[in-house]
Amino acid sequence: PAGTDGYPTVDLIDPDTGVSVCEELREQCGLSGAQQGYRHYMANSMSRAMLPTDGKSITVVMTEIGSPSSFYVTCVDNVALLNQLLQSMAAAYSTNQEPHIPEPGELCAARFSGDGAWYRAMVNSVSDVTVHVTYVDFGNSETTTTASLQPLRPEHSVLPLQGVKCKVAGVRPLKGKEWDIEATTHFRKLIEGVRLVCWAVAESPNHTFSIRLARCSSPNTFIADQMVECGAAKAVSGASDIASSPAVQNSSASPFHFNTSRQIASIRLLGAGPVKGVISELRNPSSFYVQIPNPESFKQLSALLAEMNSEYSSQSPPEFYP
């Protein structure tokens, strides 16, 4: 059956020994019954709140400000749902539990030092005594301890991550590539503490939206224009203002070619019988992909990949932000 995130829950069976991979993990890692009851939620596999890129405007509030090229907004239409989530988390994690030792990239419940409340947080790094996290619904970060973390419960993983990373379209720093303190301070004064209306221009490969931004009280006066007029930024046009994020690096190996002698396993969907499958991508025990071998399907996939390679390698397509 599918879990709360829509993905099926499976067990993997060694085809030679018939041993369950789940049972081996429990024995070798010494997992207790309580630990077996929760799953790791990885931030990079979670759905995210999105901004429309079809020209429609949307009302947002600023939740974290780094610079005009790095800040976070939350959609006003989703604030009620976010508040409901936070109320549920406050009740769920208020009782003391054993400290949780997470892994980088994991989505946890974290107690924010600023107000003592519980929020969803992505683990950036883990040391012996501290953990650096980013609060994914707001964008701010801090260093905390394992005593302030708990495994995220399934019901708190359903709402898409609400913090949307953005940059102001149409402007760049006066000098170099970094914004100085004066420009960032001026930007902060223009947008902090007020409702804003934005129009998303494009989304870069690292999930940063380039947006046109204005106050709701004066929607025809763009923040970018105000920054240029006061001498805090330079105006730019075209694609140059949305192309500063690093491009996605393509793997040199085709995902279709894998070592089946090492990765093939018997896959048992819980509540169903086993089928043979090939693990094509492995991130962790809670996030991996399998292909069910089928000669006809593999033949069609091979033909599709060959056609795509021929079509797209022979031309230089325009800049594209999916």
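Asker: In this structure, what is going on with the pattern of salt bridges? I would like to understand it.
Answerer: If the charged atoms of two oppositely charged side chains come close together, the side chains can form a pair. Under the definition given, this model contains two salt bridges. For D137, the salt bridge is made with R120, and the minimal N-O distance between the two is 2.8 Å. Here R120 lies in strand 6 (residues 118-126) and D137 lies in the loop between strand 7 (131-135) and strand 8 (141-144), a separation of 17 residues in the sequence. Like D137, the residue R120 is buried in the burial classification. Its salt-bridge partner being R188, residue E192 comes within 3.4 Å of it at the nearest N-O pair. Classification of E192 as partly exposed rests on a relative accessible area of 46%. Overall, the relative accessible area of 28% leaves R188 in the partly exposed class.

Asker: Quick question: what am I supposed to make of the environment of S70 here?
Answerer: For S70, the location among the structural elements is in strand 4 (residues 70-75). When residues no more than four places from it in sequence are discounted, the contact partners of S70 are I65, K165 and C166.

Asker: Help me out: how do you make sense of unusual backbone geometry in this one?
Answerer: Both trends apply: most residues other than glycine have a negative phi, and most peptide bonds are in trans. Within the chain, H207 stands out as a residue other than glycine whose phi angle is a positive 65°. Relative to the helices and strands, H207 resides in the loop between strand 12 (195-203) and strand 13 (209-215). Take H207: its relative accessible area is 39%, and that puts it in the partly exposed class.

Quick notes on the rules
Residues numbered from 1 in each chain as written. Predicted model: local features only at pLDDT ≥ 70, side-chain atom pairs only at ≥ 80, totals over all residues. Heavy atoms only, no water. Salt bridge = Lys/Arg side-chain N within 4 Å of Asp/Glu carboxyl O. Helix = DSSP H or I, 4+ residues; strand = E, 2+ residues; numbered from the N terminus. Buried < 20%, exposed > 50% of the residue type's maximum accessible area, 1.4 Å probe, protein only. Contact = heavy atoms within 4.5 Å.

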